[in-house]
Amino acid sequence: IQDYIHAARVWKSFRLNSVAALTPIVQRPLSRTHPLAAVVDGKTLSFILADHKECFLSLVRNCVSVICNRVTPLQKAEVVKLVAEGEDAVTLSIGDGGNDVPMIQQAHIGVGIQGREGNQAARAADFAVPQFRHVERLLTVHGRYCLMRNTKIIYYSFYKNIATFMTQIWFSIFSGFSSQVCLLSQQRAPFRANSASLTIQLHFRHFSTLG
């Protein structure tokens, strides 16, 4: 028992000294002439996520690249969660295997690559690509079009609802705010069907020909 206590004290002292040694690096501003990169293995990452999250975040802010090797699927997800909460940033995870599924699901946007390791990552992701080289086009072309579509459909939904209910409100002014409706259900149903399908298809048809 005494040996275990001594080993724990030695390891705790080693971790504290390691954190103290990283302090000058953490406090150093980011330099483009002398870029930094960090490599962390699974065992070290387990202690970082347990006791030194703030120090780790301060370190990776000054790095142009951070590599975590020999890590578990849960550690991958915890790293993504740490960056998303600590930096208040939108995260993107890319994986090609079943061990990347927790990381893909933890991120705001998940991209799965259909490869030799199966389709588990592709099925759990928001977007699936056959090869890694397609990620560039996914972000620069299809990502922009997706943003434009979502923006326009939100505006169109507000317009459709306002046009529907403002007609009834305007009619209520002249009907003495009675329970009489302006349009019957048989008349409202075709309008909603056409405005929700045909109009949107015609409006966004040009996006399908691009990219």
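Residues numbered from 1 in each chain as written. Predicted model: local features only at pLDDT ≥ 70, side-chain atom pairs only at ≥ 80, totals over all residues. Heavy atoms only, no water.

A word on the sheet that holds strand 4 (residues 109–113). Here we have three strands laid out as an open sheet, ordered 3-4-5, and parallel in their pairing. Edge positions in the open sheet fall to strand 3 (92–95) and strand 5 (127–129), since each of these has one partner strand only. Put simply, the sheet's adjacent strands are angled 20° from each other on average, direction ignored. Bridging between strand 4 and strand 5 involves three bridges; their strand directions are parallel. Looking at strand 5, one finds that Val111 is bridged to Phe127. With respect to the sheet, helix 7 (residues 135–174) is in contact with strand 3, strand 4 and strand 5, its orientation differing from that of strand 5 by roughly 135°. (Pairing = 2+ DSSP bridges. Helix = DSSP H or I, 4+ residues; strand = E, 2+ residues; numbered from the N terminus. Axes fitted to C-alpha atoms, helices over the stretch in contact; angles between N-to-C directions. Contact = heavy atoms within 4.5 Å.)

What follows covers the packing of helix 2 (residues 42–51) against helix 4 (residues 73–87). Orientation of helix 2 relative to helix 4, taken along the N-to-C sense of each, is 45°, at an axis distance of 11 Å. Relative to helix 4, the element helix 2 lies oblique. The crossing of helix 2 and helix 4 is left-handed. Contact residues: helix 2 offers Gly42, Leu45, Ser46 and Leu49, while helix 4 offers Gln75, Glu78, Val79 and Leu82. (Parallel < 35°, antiparallel > 145°, perpendicular 65-115°, else oblique. Left-handed = near helix turned anticlockwise from the far one by under 90°.)

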